[in-house]
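Chains, contacts and geometry: an overview
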Amino acid sequence: MIKKVLIANRGEIALRVIRACREMGIKTVAIHSTVDSEAMFVKMADESVCIGPAPSPQSYLNKSAIISAATITNADAVHPGYGFLSENAEFAEMLEAHGIEFIGPSPDHLRRMGDKVEAKRTAVEIGIPVIPGSDGALDTLEEAIETARKFGYPVIVKAASGGGGRGMKICPDEKALIELFPVAKLEAKNAFGDDRVYMEKYLTNPKHIELQVMGDKYGNAVVFGERDCSVQRRHQKVIEEAPASILKDDERKYIIETVRTAMEKMKYRGAGTIELLFEEGQFYFMEMNTRLQVEHPVTEQVYGVDLVREQIRVASGEKLGYTQADVKANGYAIECRINAEDPETFMPSPGLVKHYHAPGGLGVRVDSGMYSGYRIPTNYDSMVAKLITFAPTREKCIARTAQALSEFVFDGIKTVIPLQQEILQQKEFIDGTYSIKWLEKWLADGKPGLKKEEEKK
Ligand code: MV4
């Protein structure tokens, strides 16, 4: 069993991992940059090592500095959290070479899923439905035009090294494709040093549904249901929920069994997420994320599982503590990502939080490294807390979320809480029909349907 874990991350996820380790009797080492020395995760770890200055490339992305810190503190494993080095195959290989366990998938799986053309090829091989499109990368405009004629417009051109919304071009017709195909290739070359692009039929109004998977070193895999992550703006999720309220029982059963079988076929190890688009009753593979995700707590609350504990257990070589028959959903959970941003302009709002108060009560969980007197640094992303609420019904869960949001105090900074309070009152959110397009369109239209508006009339 792993005895000491170095956490190669910061903020709430570092804290999340420290808490799981503590419960398991595992010692923890925090690494941090100079601007994070007063952060909660540093205070909560058994030991800490300052590994570099504020810019991530010199600290949280500095592979050799992190491995040195693991070596001098005698850590036998590294948990990468999300973002930073969590999906970096080279980092996983370096750790392996130093005899340190990477708490995550194999380097081969990290590399394969990082290449979106390879990921899609793998999805086909293991039986996950994919979006109709090109067979691998497209070299020439002529090939692209021929492919688009076969599947029909609109089409989307995606960078093989992209992902998460980076390096995509939507082409409504052939004229647009002729114009945008070379641009897509050039931008991919400049952004990723890889000009390979591929094409798919563009789905115009889908939902983003993702499945939580977990595999062990013995080829066993389970799926902890799905999440609906369609409330997003510029590829940043704002509210996530589990289960996805619009799925019918047979749709859910089918996709869970398809993905579970697929994970066993590829012998996937560790936590992962299969991202799907869902439109008109059909699921389509989009990408696989080879890490624990920000929104994992909604799954934990609905399935009563500690996903970080399971990650550590399977990395230690233990068998999964669950079979698919043990996995039962209970109630509903909603997560709000509280970002330190202006709720109207989305401009970052870092600074000193003079006074902080978190909500509480039945069915309320707050994952955050915030405390009164903490100064949010400007160098990293703006998420300062995650509110996770859970209740027996979705209706009760929405009411609980609204109440909990109203209890938060962040004195000195702006947060997106007012926006989330408004979203909770919208018809599309309440009935669960919102698609990936909904939030941006509602904002662009000046937030129609707000109660305030109706009172004025
Ligand atoms: C798509 C799509 C429609 N059709 N692919 C965005 C992130 C990256 N994982 C792929 N993305 C999309 N791929 C086809 N064939 C629409 C999106 C997309 C999207 C997906 C999920 C959540 C939000 C999104 C926002 C814009 C576009």
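Residues numbered from 1 in each chain as written. Predicted model: local features only at pLDDT ≥ 70, side-chain atom pairs only at ≥ 80, totals over all residues. Heavy atoms only, no water.

1. A look at unusual backbone geometry
Between Y153 and P154 the backbone carries a cis peptide bond, its omega angle lying at -5 degrees. Tracing the chain through its elements places P154 in the loop between α7 (141-151) and β6 (155-163). Of note, the amide linkage connecting A242 to P243 takes the cis form, showing an omega dihedral of -10 degrees. In this fold, P243 is placed in the loop between β11 (236-242) and α9 (249-266). The backbone of F84 sits at a positive phi, close to 40 degrees, despite the residue not being glycine. On the secondary structure map, F84 appears in the loop between β4 (77-79) and α4 (89-97). (Helix = DSSP H or I, 4+ residues; strand = E, 2+ residues; numbered from the N terminus.)

2. Here's the deal with the environment of A184
Its location among the elements puts A184 in helix α8 (residues 174-192). With near-sequence residues (within four places) excluded, A184 lies in contact with V157, K169 and V197. (Contact = heavy atoms within 4.5 Å.)

3. Considering the side chain of R10
Tracing the sequence through the fold places R10 in the loop between β1 (4-7) and α1 (11-23). At a separation of 2.7 Å, a polar atom in the side chain of R10 contacts the side chain of D36. Discounting residues that sit within four places of it in the chain, R10 has contacts with D36, F41, Y60, F84, Y374, P377 and Y380. (Polar contact = N/O pair within 3.5 Å; in protein donor to acceptor, adjacent residues only side chain to side chain.)

4. A word on the packing of aromatic side chains
To describe a pair of aromatic rings, you give the distance between the ring centres and the angle between the ring planes. Scanning all chains against the criterion turns up 13 aromatic pairs. Pairing Y356 with F408 gives two aromatic rings, centres 6.5 Å apart and planes at 40 degrees, and the pair type is tilted. Of the two residues, Y356 sits in strand β16 (residues 355-357) while F408 sits in the loop between α12 (394-407) and β20 (409-411), which places them 52 residues apart along the sequence. By the burial criterion, Y356 is buried, and F408 matches it. A network of ring pairs unites the aromatic residues Y60, F84 and Y380 as a single cluster. If you follow R233 out to its NZ or CZ, it ends over the ring of F346, 3.7 Å from the centre. (Phe/Tyr/Trp six-rings, centres within 6.5 Å; stacked < 30°, edge-to-face > 60°. Buried < 20%, exposed > 50% of the residue type's maximum accessible area, 1.4 Å probe, protein only. Lys NZ or Arg CZ within 6 Å of the ring centre and 35° of its normal.)

5. Here we look at α9
Between the first and last C-alpha of α9 there are 26 Å, a value that for 18 residues agrees with the 26 Å anticipated at 1.5 Å per step. Along α9, the residues that are buried comprise E251, R252, I255, I256, T258, V259, R260, A262, M263 and M266. At its buried positions, α9 is contacted by α5 (107-114), α6 (116-125), β9 (207-215), β10 (221-233), β12 (270-279) and β13 (282-289). (Expected span 1.5 Å × (residues − 1).)

6. Topic: the site of the ligand
Taken together, 18 residues form the shell around the ligand, and within it K158, E200, K201, L203 and E287 come nearest. Interatomic distance of 2.9 Å between a side-chain N/O atom of K158 and a nitrogen atom of the ligand. Take E200: an N or O atom from its side chain is 3.0 Å from a nitrogen atom of the ligand. Going through the elements one at a time, β6, β8 (197-201), β12 and β13 are the ones with two or more residues in the shell around the ligand. Partitioned by chemical class, the residues of the shell around the ligand number 8 nonpolar, 5 polar and 5 charged. (Near = heavy atom within 4 Å. Nonpolar A, V, L, I, M, F, W, Y, C, P; charged D, E, K, R; others polar.)

7. Points about a negative patch on the surface
Taken together, the side chains of D139, E142, E143, E146 and D195 make up a negatively charged region of the molecular surface. Here E142 is to be found in helix α7. (Patch = residues over 30% accessible without salt bridge, like charges linked within 9 Å, V, L, I, M, F, W, Y side chains within 5 Å. Areas by Shrake-Rupley, 256 points an atom, 1.4 Å probe, with all protein chains shown as cover. Salt bridge = Lys/Arg side-chain N within 4 Å of Asp/Glu carboxyl O. Lys, Arg positive; Asp, Glu negative; His and termini not counted. Charge placed at Lys NZ, Arg CZ, Asp CG, Glu CD.)

8. Observations concerning the nonpolar core
Note that soluble globular proteins tend to have their nonpolar side chains buried in a common cluster. With 100 residues, the main nonpolar core has L6, F410 and I423 as its most contacted residues. When residues in this core are grouped by element, the largest group, 7 residues, is from α1. When near neighbours in sequence (up to four residues on either side) are disregarded, I423 contacts V231, V238, I239, F429, W438, L439 and W442. One finds V213, V223, F278 and F285 within the second-largest nonpolar core, a separate group that totals 25 residues. (Core = buried A, V, L, I, M, F, W, Y, C linked by side-chain atoms within 4.5 Å.)

9. Examining the pattern of salt bridges
Enumeration according to the criterion identifies 41 salt bridges in this entry. Here E300 ties to R16 by a salt bridge, and the two come within 2.7 Å at their closest N and O atoms. Of this pair, E300 sits in helix α10 (residues 296-303) while R16 sits in helix α1, and the two are 284 residues apart along the sequence. With a relative accessible area of 5%, E300 lands in the buried category. Residues joined in a network through salt bridges with shared partners are E210, R227, K237, E240, E295 and R337.

10. Description of the sheet that holds β11
Here 8 strands make up an open sheet; going across it, the order is β13-β12-β9-β10-β11-β14-β19-β17 and the pairing antiparallel. A strand with exactly one partner marks an edge of an open sheet, and here the two such strands are β13 and β17 (364-367). In this sheet, neighbouring strand axes are inclined to one another by 25 degrees on average, regardless of whether the strands run parallel or antiparallel. Pairing geometry for β12 and β13, over 7 bridges, is antiparallel. Among the inter-strand pairings, T273 is bridged to a residue of β13, identified as N289. Together, β9, β10, β12 and β13 form the strand contacts of α9, whose direction differs from that of β10 by roughly 115 degrees. Strand contacts of α12: β11, β14 (332-339), β17 and β19 (383-391), with the helix running at about 145 degrees to β19, the strand carrying the most contacts. (Pairing = 2+ DSSP bridges. Axes fitted to C-alpha atoms, helices over the stretch in contact; angles between N-to-C directions.)

11. What to know about the state of the cysteines
With the rule as written, the count across this model stands at 0 disulfides. Its sulfur unpaired, C397 is 9.2 Å from the next cysteine sulfur, which belongs to C336. (Disulfide = S-S within 2.5 Å.)

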